[in-house]
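In case you want the letters, here they are:
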Amino acid sequence: MKKLLKILGGFLAGVSFLVVVASAWYVIKFYPRHVDDMEIGNPVFSEKILIATQGSTYKNEVVQRLAEKLSSREVYIKITDVSNLDSIAPSAWSNIIILNTSIADNMNSHARQFVDRVGPSDKILVITTSGGGDFIPPNLEVDGITTASKLNETEKMATRIFQMVRINNNS
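If you're wondering where the values come from, they're calculated on a predicted model, not measured in any experiment. In this numbering scheme, every chain counts its residues from 1 along its sequence in written order. At least 70 in pLDDT is required for a residue's local features to be given in this predicted model, at least 80 for side-chain atom pairs to be given and counted, and no such filter applies to totals for whole chains, interfaces and linings, which use all residues. As a rule here, side-chain values come from all non-hydrogen atoms in the structure, and water together with hydrogens is ignored.

Colleague: Got a minute to help me understand the sheet that holds strand β6 (residues 143-147) in this structure?
Modeller: Sheet strands line up and pair through hydrogen bonds in the backbone, either parallel or antiparallel. Ordered by their spatial adjacency, 6 strands build an open sheet running β1-β3-β2-β4-β5-β6, and the pairing between neighbours is mixed. Bordering the open sheet on either side are β1 (38-40) and β6, each of which pairs with just one other strand. Between one strand axis and the next, the sheet turns through 15° on average, direction left out of account. Strand pairing is assigned whenever DSSP identifies at least 2 bridges connecting the two strands. In this text, helices come from DSSP runs of H or I with a minimum length of four residues, and strands from runs of E with a minimum of two, each type numbered from the N-terminal end. In terms of strand pairing, strand β2 (residues 47-53) meets strand β4 (residues 95-101) through 4 bridges, oriented parallel. Residue pairing for β4: A52 is matched across the bridge by I98. It only takes one pair of heavy atoms within 4.5 Å for two residues to be counted as in contact. Helix axes are fitted only over the stretch in contact, all axes being lines through C-alpha atoms; the angle between N-to-C directions runs from 0 to 180 degrees. Here helix α4 (residues 154-164) sits on the sheet and contacts β4, β5 (124-129) and β6; the angle it forms with β6, its principal contact strand, is near 175°.

Printed below as a string of structure tokens:
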């Protein structure tokens with residue numbers, strides 16, 4: 001009986017170790033990274049676009065492609081991490097684009113709190129990525145897109161976002 005308990009204990013320890021290693025690998029590979037602030041264009045332009053995002057290969061590529069499309073217009077673009085949304089004054093921006101990752105069927109807490117604080121708005125667009133691209137944030141009172149992080153679809157997503165951005169100048 002003691003031998004069986006030792007074998008069972010060793011087996012459970014091995015499985016526990018594998019779960020810890022797999023969890024660590026998942027976090028290292030997929031958990032969103034912090035994004036450094038970046039500014040594009042002239043801050044005196046009347047159209048100001050804030051892009052709040054989380055760092056991932058997919059989101060970085062979408063933001064880069066979107067910024068390229070937007071910079072063909074007379075707009076000022078600020079790219080920042082979603083954790084900075086707590087200090088953002090929505091009235092200072094013509095458009096606010098938020099890219100966030102759904103983890104455990106929840107939006108990023110900074111993105112969720114910002115959207116809840118601002119309330120319904122036609123100048124906010126929330127893009128939420130999830131494993132299958134099918135997570136829909138509940139009670140979202142702004143425009144939203146859900147997507148999976150497919151690297152071969154970054155151009156398509158950037159174009160879709162660009163088409164939804166409301167720019168009032170004629171540039």
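Colleague: Any chance you could explain the pattern of salt bridges here in plain terms?
Modeller: If the charged atoms of two oppositely charged side chains come close together, the side chains can form a pair. Any carboxyl oxygen of Asp or Glu within 4 Å of a side-chain nitrogen of Lys or Arg constitutes a salt bridge here. According to the stated counting rule, one finds 6 salt bridges in the structure shown. Across the pair E155 and R65 runs a salt bridge, and its minimum N-O distance is 2.7 Å. In this pair, E155 is assigned in helix α4 and R65 in helix α2 (residues 57-70), connecting sequence segments 90 residues apart. Per-residue accessibility, obtained with a 1.4 Å probe over protein chains only, is compared with the maximum for each type, and a residue is labelled buried under 20%, exposed over 50%, and partly exposed between these values. When its relative accessible area of 33% is taken as the criterion, E155 is described as partly exposed. For R65, a relative accessible area of 26% gives the class partly exposed. A salt bridge links R166 to D143; the shortest N-O distance between them is 3.6 Å. Placement of R166 in the segment after α4 and of D143 in strand β6 is noted, with a sequence separation of 23 residues between them.

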